[in-house]
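Reading the structure
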Amino acid sequence: MAGETSHGVGVFLELRKRLQTGLLVVGTNVAKSPADVVLSGGDSSLCVRTPRGDLCLSLPAGVAYESGSCLHTPVVQFSEEELHFRLRIKMDRIQQEDPASMMETLRTKETYSFHCQGCTTRLLEDRVFKRVLPLPNGNWNALVDDWCCHPDPFAKKLLPRAEDCLLGDTFVLLARDGSCDQTLIEEVTPVGAADSQDQKKPCHRLALISCASCSLVLGEAVAPGTLKLYITQVVVDPAVGDGRPDASLNRSAFLETSVAARLLNLSNSLSSFHFSVQTPGGKVFLLLWLLNGDSIIASVPEKSVGDESSISPPAPPRPSLRAARALKLLYISCSSASIQQREIVASWEANCIGHPVVLPMKACEELLQVMEESNSKLPASMHRMRSYEVAYLRLTSEGESKPFCL
(Lines give C-alpha, C1' and ligand atoms only; values in the text may rest on other atoms or scores of the structure.)
Protein backbone atom coordinates (compact mmCIF):
# COMPACT_ATOMS: atom_id res chain seq x y z
CA MET A 1 0.00 0.00 0.00
CA ALA A 2 1.08 3.60 -0.59
CA GLY A 3 1.44 4.52 3.06
CA GLU A 4 4.04 1.82 3.71
CA THR A 5 6.77 3.86 1.98
CA SER A 6 6.82 6.74 4.44
CA HIS A 7 9.48 9.41 3.86
CA GLY A 8 10.07 10.04 7.60
CA VAL A 9 7.83 12.96 8.56
CA GLY A 10 9.48 15.60 10.72
CA VAL A 11 6.68 18.14 11.08
CA PHE A 12 3.19 18.03 9.58
CA LEU A 13 0.64 20.84 9.95
CA GLU A 14 -3.00 20.99 8.90
CA LEU A 15 -5.13 24.05 9.62
CA ARG A 16 -8.89 24.17 9.04
CA LYS A 17 -10.12 27.62 8.07
CA ARG A 18 -13.81 27.04 8.75
CA LEU A 19 -13.28 25.32 12.10
CA GLN A 20 -10.38 27.66 13.01
CA THR A 21 -8.47 24.70 14.42
CA GLY A 22 -5.25 22.93 13.58
CA LEU A 23 -3.37 19.66 13.94
CA LEU A 24 0.40 19.58 14.42
CA VAL A 25 2.29 16.28 14.21
CA VAL A 26 5.97 16.15 15.17
CA GLY A 27 8.06 13.00 14.72
CA THR A 28 9.74 11.68 17.86
CA ASN A 29 13.09 11.79 16.04
CA VAL A 30 12.63 15.57 15.98
CA ALA A 31 11.22 16.03 19.51
CA LYS A 32 11.27 13.36 22.21
CA SER A 33 8.53 14.81 24.44
CA PRO A 34 5.74 17.42 24.27
CA ALA A 35 7.88 19.79 26.35
CA ASP A 36 10.42 19.89 23.51
CA VAL A 37 7.90 21.56 21.17
CA VAL A 38 7.15 25.29 21.50
CA LEU A 39 4.85 27.21 19.16
CA SER A 40 4.81 30.92 18.51
CA GLY A 41 3.04 33.02 15.92
CA GLY A 42 3.83 36.12 13.92
CA ASP A 43 2.25 38.04 11.06
CA SER A 44 0.81 35.22 8.93
CA SER A 45 3.46 32.80 10.18
CA LEU A 46 3.85 29.96 12.64
CA CYS A 47 7.18 29.04 14.24
CA VAL A 48 7.75 25.52 15.59
CA ARG A 49 10.72 25.29 17.94
CA THR A 50 12.22 21.82 18.52
CA PRO A 51 15.60 20.52 19.72
CA ARG A 52 16.52 20.03 16.06
CA GLY A 53 16.01 23.72 15.32
CA ASP A 54 13.34 26.27 14.46
CA LEU A 55 10.93 25.87 11.57
CA CYS A 56 8.97 28.94 10.50
CA LEU A 57 5.99 28.41 8.19
CA SER A 58 4.44 31.17 6.10
CA LEU A 59 0.63 31.09 6.38
CA PRO A 60 -1.94 32.60 3.98
CA ALA A 61 -2.83 36.25 4.57
CA GLY A 62 -5.36 36.68 7.36
CA VAL A 63 -4.48 33.41 9.13
CA ALA A 64 -2.69 33.60 12.49
CA TYR A 65 -1.88 31.22 15.34
CA GLU A 66 -3.81 31.86 18.56
CA SER A 67 -1.06 32.18 21.13
CA GLY A 68 -1.14 29.67 23.99
CA SER A 69 -3.74 27.40 22.36
CA CYS A 70 -1.40 24.46 21.61
CA LEU A 71 -2.42 21.32 23.52
CA HIS A 72 -0.75 17.90 23.44
CA THR A 73 -3.25 15.17 22.45
CA PRO A 74 -1.68 11.69 22.76
CA VAL A 75 -2.38 9.05 20.10
CA VAL A 76 -1.69 5.77 21.91
CA GLN A 77 -1.17 3.56 18.86
CA PHE A 78 1.53 5.84 17.41
CA SER A 79 2.89 7.42 20.62
CA GLU A 80 6.41 6.07 20.00
CA GLU A 81 6.55 7.60 16.50
CA GLU A 82 4.59 10.86 16.70
CA LEU A 83 3.61 13.70 19.01
CA HIS A 84 0.17 15.17 18.24
CA PHE A 85 -0.93 18.68 19.18
CA ARG A 86 -4.20 20.55 18.72
CA LEU A 87 -4.23 24.31 18.29
CA ARG A 88 -6.48 27.18 17.32
CA ILE A 89 -6.12 29.84 14.64
CA LYS A 90 -7.60 33.30 14.14
CA MET A 91 -9.06 34.44 10.83
CA ASP A 92 -9.22 38.06 9.67
CA ARG A 93 -12.29 39.26 7.84
CA ILE A 94 -10.28 39.59 4.65
CA GLN A 95 -9.81 36.00 3.53
CA GLN A 96 -8.15 34.50 0.49
CA GLU A 97 -10.50 33.48 -2.30
CA ASP A 98 -10.62 29.92 -3.54
CA PRO A 99 -8.23 29.33 -6.46
CA ALA A 100 -10.16 29.23 -9.73
CA SER A 101 -9.45 27.02 -12.71
CA MET A 102 -9.22 28.57 -16.13
CA MET A 103 -12.61 27.07 -17.00
CA GLU A 104 -14.14 29.43 -14.44
CA THR A 105 -12.32 32.48 -15.76
CA LEU A 106 -12.75 32.09 -19.54
CA ARG A 107 -14.59 35.12 -20.89
CA THR A 108 -15.95 36.30 -24.21
CA LYS A 109 -14.16 39.00 -26.20
CA GLU A 110 -10.82 38.09 -24.59
CA THR A 111 -7.90 36.64 -26.58
CA TYR A 112 -6.50 33.28 -25.38
CA SER A 113 -3.57 31.15 -26.45
CA PHE A 114 -3.57 27.34 -26.20
CA HIS A 115 -0.37 25.42 -25.51
CA CYS A 116 0.64 21.81 -24.87
CA GLN A 117 1.34 21.40 -21.16
CA GLY A 118 4.13 18.93 -21.85
CA CYS A 119 6.33 21.01 -24.15
CA THR A 120 4.59 24.46 -24.30
CA THR A 121 4.12 24.19 -28.10
CA ARG A 122 1.35 26.45 -29.36
CA LEU A 123 -1.47 24.19 -30.52
CA LEU A 124 -4.07 26.54 -31.98
CA GLU A 125 -4.34 30.02 -33.33
CA ASP A 126 -5.17 32.59 -30.66
CA ARG A 127 -8.91 32.59 -29.98
CA VAL A 128 -11.46 35.28 -29.20
CA PHE A 129 -14.74 33.65 -28.18
CA LYS A 130 -18.15 35.10 -28.88
CA ARG A 131 -19.80 32.46 -26.69
CA VAL A 132 -18.52 30.57 -23.64
CA LEU A 133 -21.23 28.09 -22.62
CA PRO A 134 -21.39 25.22 -20.12
CA LEU A 135 -22.32 21.71 -21.22
CA PRO A 136 -24.63 19.47 -19.15
CA ASN A 137 -22.76 18.03 -16.18
CA GLY A 138 -21.31 14.52 -16.22
CA ASN A 139 -21.73 11.83 -18.85
CA TRP A 140 -25.38 12.67 -19.51
CA ASN A 141 -25.13 11.65 -23.18
CA ALA A 142 -23.84 8.17 -22.29
CA LEU A 143 -26.58 7.67 -19.71
CA VAL A 144 -29.26 8.08 -22.39
CA ASP A 145 -28.50 4.49 -23.48
CA ASP A 146 -29.67 3.29 -20.07
CA TRP A 147 -32.72 5.57 -19.90
CA CYS A 148 -34.23 4.88 -23.32
CA CYS A 149 -35.40 1.63 -24.90
CA HIS A 150 -35.50 3.24 -28.36
CA PRO A 151 -32.93 5.17 -30.40
CA ASP A 152 -31.34 8.11 -28.61
CA PRO A 153 -33.74 11.10 -28.87
CA PHE A 154 -30.78 13.38 -28.14
CA ALA A 155 -28.54 11.88 -30.82
CA LYS A 156 -27.57 15.30 -32.14
CA LYS A 157 -24.29 16.17 -30.45
CA LEU A 158 -23.69 19.54 -28.82
CA LEU A 159 -20.82 20.89 -30.90
CA PRO A 160 -19.19 24.33 -30.90
CA ARG A 161 -19.32 26.82 -33.71
CA ALA A 162 -16.17 28.51 -34.98
CA GLU A 163 -16.07 31.13 -32.20
CA ASP A 164 -17.58 29.03 -29.40
CA CYS A 165 -16.03 27.46 -26.32
CA LEU A 166 -18.15 24.76 -24.67
CA LEU A 167 -17.17 23.81 -21.12
CA GLY A 168 -17.48 20.26 -19.81
CA ASP A 169 -16.56 19.00 -16.36
CA THR A 170 -12.95 18.23 -17.30
CA PHE A 171 -12.60 19.44 -20.89
CA VAL A 172 -13.39 22.17 -23.39
CA LEU A 173 -14.87 21.71 -26.86
CA LEU A 174 -13.39 23.92 -29.57
CA ALA A 175 -13.57 24.16 -33.34
CA ARG A 176 -10.44 23.11 -35.25
CA ASP A 177 -8.47 25.71 -37.16
CA GLY A 178 -5.86 25.67 -39.93
CA SER A 179 -2.91 25.31 -37.53
CA CYS A 180 -4.09 21.92 -36.22
CA ASP A 181 -2.68 20.00 -39.19
CA GLN A 182 0.87 21.01 -38.18
CA THR A 183 0.57 20.86 -34.37
CA LEU A 184 -1.74 17.89 -33.72
CA ILE A 185 -1.66 14.17 -34.55
CA GLU A 186 -4.84 12.11 -34.72
CA GLU A 187 -4.83 8.37 -34.03
CA VAL A 188 -7.91 6.14 -33.93
CA THR A 189 -7.93 3.53 -31.16
CA PRO A 190 -10.58 0.91 -30.30
CA VAL A 191 -12.30 1.25 -26.93
CA GLY A 192 -14.89 -1.16 -25.62
CA ALA A 193 -15.14 -4.23 -23.41
CA ALA A 194 -11.42 -4.23 -22.68
CA ASP A 195 -11.51 -0.68 -21.31
CA SER A 196 -15.07 -0.42 -20.04
CA GLN A 197 -16.44 -2.11 -16.93
CA ASP A 198 -19.80 -2.53 -18.63
CA GLN A 199 -19.42 -5.62 -20.82
CA LYS A 200 -22.79 -4.96 -22.47
CA LYS A 201 -21.67 -1.75 -24.12
CA PRO A 202 -20.53 -2.18 -27.73
CA CYS A 203 -16.94 -1.57 -28.73
CA HIS A 204 -16.38 1.87 -30.23
CA ARG A 205 -13.41 3.89 -31.42
CA LEU A 206 -11.81 7.06 -30.10
CA ALA A 207 -9.87 9.47 -32.27
CA LEU A 208 -7.14 10.53 -29.84
CA ILE A 209 -5.43 13.89 -30.39
CA SER A 210 -1.75 14.19 -29.46
CA CYS A 211 0.87 16.95 -29.59
CA ALA A 212 2.98 16.62 -32.72
CA SER A 213 6.07 17.82 -30.82
CA CYS A 214 6.06 15.65 -27.66
CA SER A 215 3.28 13.06 -28.32
CA LEU A 216 1.35 14.01 -25.15
CA VAL A 217 -2.29 12.94 -25.51
CA LEU A 218 -4.33 16.14 -25.35
CA GLY A 219 -7.86 14.93 -25.97
CA GLU A 220 -10.09 13.60 -28.70
CA ALA A 221 -11.56 14.53 -32.07
CA VAL A 222 -15.25 14.09 -31.25
CA ALA A 223 -16.33 15.25 -34.72
CA PRO A 224 -14.50 16.13 -37.96
CA GLY A 225 -14.26 19.80 -37.00
CA THR A 226 -14.32 19.61 -33.20
CA LEU A 227 -11.60 19.11 -30.58
CA LYS A 228 -12.07 17.96 -26.99
CA LEU A 229 -9.10 19.16 -24.90
CA TYR A 230 -8.69 17.99 -21.28
CA ILE A 231 -7.88 20.34 -18.41
CA THR A 232 -4.80 18.35 -17.37
CA GLN A 233 -3.19 18.43 -20.81
CA VAL A 234 -3.46 22.01 -22.04
CA VAL A 235 -2.35 25.40 -20.71
CA VAL A 236 -4.60 28.32 -21.64
CA ASP A 237 -3.33 31.84 -21.02
CA PRO A 238 -4.46 35.32 -22.00
CA ALA A 239 -2.56 36.20 -25.16
CA VAL A 240 -0.07 38.74 -23.79
CA GLY A 241 3.39 39.26 -25.26
CA ASP A 242 4.69 36.10 -26.92
CA GLY A 243 1.85 34.17 -25.22
CA ARG A 244 4.16 31.28 -24.30
CA PRO A 245 3.79 29.66 -20.85
CA ASP A 246 6.70 29.07 -18.50
CA ALA A 247 8.79 26.21 -19.93
CA SER A 248 9.72 25.10 -16.41
CA LEU A 249 6.09 24.44 -15.45
CA ASN A 250 6.17 21.23 -13.44
CA ARG A 251 3.91 18.51 -14.86
CA SER A 252 3.05 16.94 -11.52
CA ALA A 253 2.25 20.30 -9.87
CA PHE A 254 0.15 21.40 -12.83
CA LEU A 255 -1.87 18.17 -12.79
CA GLU A 256 -2.37 18.38 -9.03
CA THR A 257 -3.49 22.01 -8.88
CA SER A 258 -5.71 21.84 -11.97
CA VAL A 259 -7.54 18.70 -10.75
CA ALA A 260 -7.85 20.06 -7.20
CA ALA A 261 -9.33 23.38 -8.35
CA ARG A 262 -11.80 21.56 -10.60
CA LEU A 263 -12.90 19.10 -7.90
CA LEU A 264 -13.51 21.98 -5.49
CA ASN A 265 -15.59 23.84 -8.06
CA LEU A 266 -17.63 20.74 -8.97
CA SER A 267 -18.22 19.98 -5.29
CA ASN A 268 -19.45 23.52 -4.64
CA SER A 269 -21.67 23.69 -7.72
CA LEU A 270 -23.13 20.16 -7.50
CA SER A 271 -23.08 19.67 -3.71
CA SER A 272 -21.32 16.38 -4.45
CA PHE A 273 -18.36 15.00 -2.50
CA HIS A 274 -17.89 11.65 -4.26
CA PHE A 275 -16.07 11.45 -7.60
CA SER A 276 -15.34 8.58 -9.95
CA VAL A 277 -12.20 9.21 -12.02
CA GLN A 278 -12.67 7.43 -15.34
CA THR A 279 -10.91 7.00 -18.67
CA PRO A 280 -12.64 8.15 -21.88
CA GLY A 281 -13.62 4.51 -22.48
CA GLY A 282 -15.58 4.35 -19.22
CA LYS A 283 -13.06 2.43 -17.10
CA VAL A 284 -13.30 3.52 -13.45
CA PHE A 285 -9.75 4.16 -12.28
CA LEU A 286 -10.04 5.99 -8.95
CA LEU A 287 -12.72 6.63 -6.35
CA LEU A 288 -12.37 9.97 -4.56
CA TRP A 289 -14.21 11.17 -1.46
CA LEU A 290 -13.68 14.88 -0.73
CA LEU A 291 -13.62 15.37 3.04
CA ASN A 292 -12.90 19.10 3.14
CA GLY A 293 -11.68 21.86 0.88
CA ASP A 294 -10.53 24.42 3.45
CA SER A 295 -7.30 22.80 4.63
CA ILE A 296 -3.98 24.63 4.82
CA ILE A 297 -1.11 22.13 4.99
CA ALA A 298 2.66 21.95 5.28
CA SER A 299 4.76 18.79 5.46
CA VAL A 300 8.47 18.91 6.28
CA PRO A 301 10.66 15.78 6.09
CA GLU A 302 12.63 14.85 9.18
CA LYS A 303 15.96 15.53 7.44
CA SER A 304 14.87 19.13 6.69
CA VAL A 305 14.08 20.08 10.29
CA GLY A 306 17.18 21.81 11.65
CA ASP A 307 20.49 20.13 12.33
CA GLU A 308 20.72 17.99 15.43
CA SER A 309 24.52 18.28 15.59
CA SER A 310 24.57 22.06 15.40
CA ILE A 311 25.67 23.80 18.63
CA SER A 312 25.71 27.36 17.30
CA PRO A 313 22.95 29.74 18.40
CA PRO A 314 19.91 29.51 16.12
CA ALA A 315 19.44 32.24 13.55
CA PRO A 316 16.39 34.49 13.86
CA PRO A 317 13.43 32.50 12.54
CA ARG A 318 12.09 33.42 9.12
CA PRO A 319 9.47 31.79 6.90
CA SER A 320 11.22 28.79 5.31
CA LEU A 321 8.20 27.05 3.81
CA ARG A 322 4.86 28.27 2.54
CA ALA A 323 1.81 26.39 3.78
CA ALA A 324 -0.51 25.61 0.85
CA ARG A 325 -4.27 25.45 0.39
CA ALA A 326 -5.32 21.83 -0.23
CA LEU A 327 -8.20 19.39 -0.49
CA LYS A 328 -8.28 16.44 1.90
CA LEU A 329 -9.40 13.30 0.07
CA LEU A 330 -10.02 9.65 0.69
CA TYR A 331 -9.24 7.47 -2.32
CA ILE A 332 -9.25 3.92 -3.59
CA SER A 333 -7.30 2.73 -6.62
CA CYS A 334 -9.59 0.33 -8.46
CA SER A 335 -6.66 -1.46 -10.11
CA SER A 336 -5.02 -2.48 -6.82
CA ALA A 337 -7.98 -2.59 -4.44
CA SER A 338 -7.94 -5.01 -1.51
CA ILE A 339 -10.86 -7.33 -0.74
CA GLN A 340 -12.44 -4.74 1.56
CA GLN A 341 -11.87 -1.98 -0.97
CA ARG A 342 -13.41 -4.05 -3.78
CA GLU A 343 -16.61 -4.22 -1.74
CA ILE A 344 -16.61 -0.42 -1.58
CA VAL A 345 -15.96 -0.18 -5.32
CA ALA A 346 -18.88 -2.54 -5.98
CA SER A 347 -21.13 -0.52 -3.66
CA TRP A 348 -20.25 2.74 -5.42
CA GLU A 349 -21.00 1.18 -8.80
CA ALA A 350 -24.27 -0.48 -7.70
CA ASN A 351 -25.58 2.71 -6.10
CA CYS A 352 -24.26 5.09 -8.80
CA ILE A 353 -22.12 6.91 -6.22
CA GLY A 354 -19.53 9.26 -7.62
CA HIS A 355 -19.82 12.09 -10.12
CA PRO A 356 -17.82 11.04 -13.22
CA VAL A 357 -14.53 12.86 -13.77
CA VAL A 358 -13.13 11.79 -17.15
CA LEU A 359 -9.39 12.14 -17.87
CA PRO A 360 -7.00 10.51 -20.35
CA MET A 361 -5.60 7.18 -19.14
CA LYS A 362 -2.09 8.60 -18.69
CA ALA A 363 -3.45 11.50 -16.63
CA CYS A 364 -5.37 9.03 -14.43
CA GLU A 365 -2.13 7.15 -13.78
CA GLU A 366 -0.28 10.38 -13.03
CA LEU A 367 -3.02 11.52 -10.65
CA LEU A 368 -2.79 8.24 -8.76
CA GLN A 369 0.97 8.69 -8.52
CA VAL A 370 0.51 12.20 -7.09
CA MET A 371 -1.94 10.91 -4.49
CA GLU A 372 0.29 7.99 -3.51
CA GLU A 373 3.20 10.39 -3.13
CA SER A 374 1.05 12.62 -0.90
CA ASN A 375 -0.02 9.61 1.15
CA SER A 376 3.58 8.46 1.64
CA LYS A 377 4.55 11.86 3.09
CA LEU A 378 1.82 11.84 5.75
CA PRO A 379 2.43 10.82 9.37
CA ALA A 380 1.89 7.08 9.90
CA SER A 381 -1.28 7.74 11.90
CA MET A 382 -2.86 9.54 8.91
CA HIS A 383 -2.16 7.11 6.06
CA ARG A 384 -5.56 5.42 6.16
CA MET A 385 -9.13 6.01 7.24
CA ARG A 386 -11.09 2.77 7.43
CA SER A 387 -10.56 1.07 4.06
CA TYR A 388 -9.58 4.27 2.24
CA GLU A 389 -6.18 5.83 1.65
CA VAL A 390 -5.73 9.50 2.61
CA ALA A 391 -4.16 12.19 0.42
CA TYR A 392 -4.07 15.94 -0.02
CA LEU A 393 -4.25 17.70 -3.38
CA ARG A 394 -2.76 21.18 -3.28
CA LEU A 395 -4.75 24.04 -4.75
CA THR A 396 -1.54 26.08 -5.03
CA SER A 397 2.05 24.93 -5.24
CA GLU A 398 4.44 25.77 -2.43
CA GLY A 399 5.85 29.24 -2.90
CA GLU A 400 3.43 30.09 -5.71
CA SER A 401 0.43 32.34 -6.07
CA LYS A 402 -2.72 30.74 -7.36
CA PRO A 403 -2.18 28.91 -10.66
CA PHE A 404 -3.69 30.05 -13.92
CA CYS A 405 -4.64 26.87 -15.71
CA LEU A 406 -7.41 25.36 -17.77
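The paragraphs below set out a description of the structure included in this document.

Cut-offs used in this document
Residues numbered from 1 in each chain as written. Predicted model: local features only at pLDDT ≥ 70, side-chain atom pairs only at ≥ 80, totals over all residues. Heavy atoms only, no water. Pairing = 2+ DSSP bridges. Helix = DSSP H or I, 4+ residues; strand = E, 2+ residues; numbered from the N terminus. Axes fitted to C-alpha atoms, helices over the stretch in contact; angles between N-to-C directions. Contact = heavy atoms within 4.5 Å. Expected span 1.5 Å × (residues − 1). Buried < 20%, exposed > 50% of the residue type's maximum accessible area, 1.4 Å probe, protein only. Polar contact = N/O pair within 3.5 Å; in protein donor to acceptor, adjacent residues only side chain to side chain. Arc of directions from axis to C-beta. Parallel < 35°, antiparallel > 145°, perpendicular 65-115°, else oblique. Nonpolar A, V, L, I, M, F, W, Y, C, P; charged D, E, K, R; others polar. Phe/Tyr/Trp six-rings, centres within 6.5 Å; stacked < 30°, edge-to-face > 60°. Lys NZ or Arg CZ within 6 Å of the ring centre and 35° of its normal. Patch = residues over 30% accessible without salt bridge, like charges linked within 9 Å, V, L, I, M, F, W, Y side chains within 5 Å. Areas by Shrake-Rupley, 256 points an atom, 1.4 Å probe, with all protein chains shown as cover. Salt bridge = Lys/Arg side-chain N within 4 Å of Asp/Glu carboxyl O.

Taken together, the seven strands give an open sheet; going across it, the order is E11-E12-E13-E17-E16-E15-E14, and neighbouring strands pair in mixed fashion. Two strands in the sheet have a free side with no partner beyond their single neighbour: strand E11 (131–134) and strand E14 (184–191). Each adjacent strand pair in this sheet contributes to an overall mean axis angle of 30°, direction not counted. Bridge count for strand E13 (residues 171–175) against strand E17 (residues 226–230) is five bridges, and the pairing is antiparallel. Within the sheet, the bridge partner assigned to Ala-175 lies in E17 and is Thr-226.

Its location among the elements puts Ala-380 in the loop between helix H6 (361–376) and strand E24 (384–385). With 302 residues separating them in the primary sequence, Ala-380 and Phe-78 have C-alpha atoms 7.6 Å apart. Discounting residues that sit within four places of it in the chain, Ala-380 has contacts with Phe-78, Glu-81 and Glu-82.

On to helix H4 (residues 251–270), then. Given 3.6 residues to a turn, an α-helix orients residues that are three or four positions apart in the same direction. End to end, H4 covers 28 Å across 20 residues, agreeing with the expected 28 Å (1.5 Å per residue, within 8%). Within H4, 15 of the 20 residues are buried, which leaves the element mostly enclosed by the surrounding structure. For H4, the capping residue at the N-terminal end is Asn-250, with a side-chain oxygen 3.0 Å from the backbone nitrogen of Ser-252. Immediately downstream of H4, the backbone of Ser-271 shows phi near 55°, a positive value.

Attention now goes to unusual backbone geometry. With a phi close to 65°, Lys-109 is a non-glycine residue in the positive phi region. Relative to the helices and strands, Lys-109 is located in the loop between helix H1 (102–105) and strand E9 (111–116). For Lys-109, a relative accessible area of 75% corresponds to the exposed category. Look at Cys-352: it is not a glycine, yet its phi comes out positive at around 55°. Structurally, Cys-352 is set in the loop between helix H5 (339–350) and strand E23 (355–358). On the accessibility criterion, Cys-352 (69% relative accessible area) is exposed.

What follows is about H5. With twelve residues, H5 should cover 16 Å at 1.5 Å per step; its first-to-last C-alpha distance of 17 Å lies within 8% of that length. Considered for burial, the residues of H5 that qualify are Gln-341, Ile-344, Val-345 and Trp-348. Looking straight down H5, one finds its buried side chains confined to an arc of 100°; they lie on one side. Exposed and facing more than 90 degrees away from the buried side of H5 are Ile-339, Arg-342, Glu-343 and Ala-350. In this fold, the buried residues of H5 make contact with strand E19 (274–278), strand E20 (284–301), strand E22 (324–333) and strand E25 (388–394). A positive phi of about 55° marks Cys-352, the residue just after H5.

Before going further, it helps to examine the packing of H4 against H6. In the contact formed by H4 and H6, the axes pass within 10 Å of each other and the chain directions differ by 90°. Judged by the inter-axis angle, H4 sits roughly perpendicular to H6. Where H4 approaches H6, its residues Arg-251, Ser-252, Leu-255, Glu-256 and Val-259 are matched on the opposing element by Ala-363, Glu-366, Leu-367 and Val-370. Class assignment of the residues belonging to the contact of H4 with H6 gives a composition of five nonpolar, one polar and three charged.

What follows covers the packing of aromatic side chains. If you walk through the whole model with that rule in mind, you get five aromatic pairs. Summarising the aromatic geometry, the rings of Phe-171 and Tyr-230 are spaced 6.3 Å apart at their centres and angled 70° between planes, so their arrangement reads as edge-to-face. Of this pair, Phe-171 sits in strand E13 while Tyr-230 is found in strand E17, placing the two residues 59 residues apart along the sequence. Like Phe-171, the residue Tyr-230 is buried in the burial classification. In this structure, Lys-228 is placed above the aromatic ring of Phe-171, and the distance from its NZ or CZ to the ring centre is 4.5 Å.

Now for a nonpolar patch on the surface. A cluster of nonpolar residues, Phe-273, Trp-289, Leu-291 and Met-385, forms a patch on the protein surface that exposes about 330 Å² of accessible area. In this structure, Phe-273 sits in the loop between H4 and E19. Classification of Phe-273 as partly exposed rests on a relative accessible area of 42%.

This brings us to the sheet that holds strand E18 (residues 234–238). Paired through their backbone hydrogen bonds, the strands of a sheet run either parallel or antiparallel. Taking strand neighbours across the sheet as the criterion, the three strands line up as E10-E9-E18 in an open arrangement whose pairing is antiparallel. Of all the strands in the sheet, the pair left with one neighbour each is strand E10 (127–128) and E18. Where E9 and E18 come together, five bridges link them in antiparallel fashion. Across the sheet, residue Ser-113 finds its bridge partner in E18, namely Asp-237.

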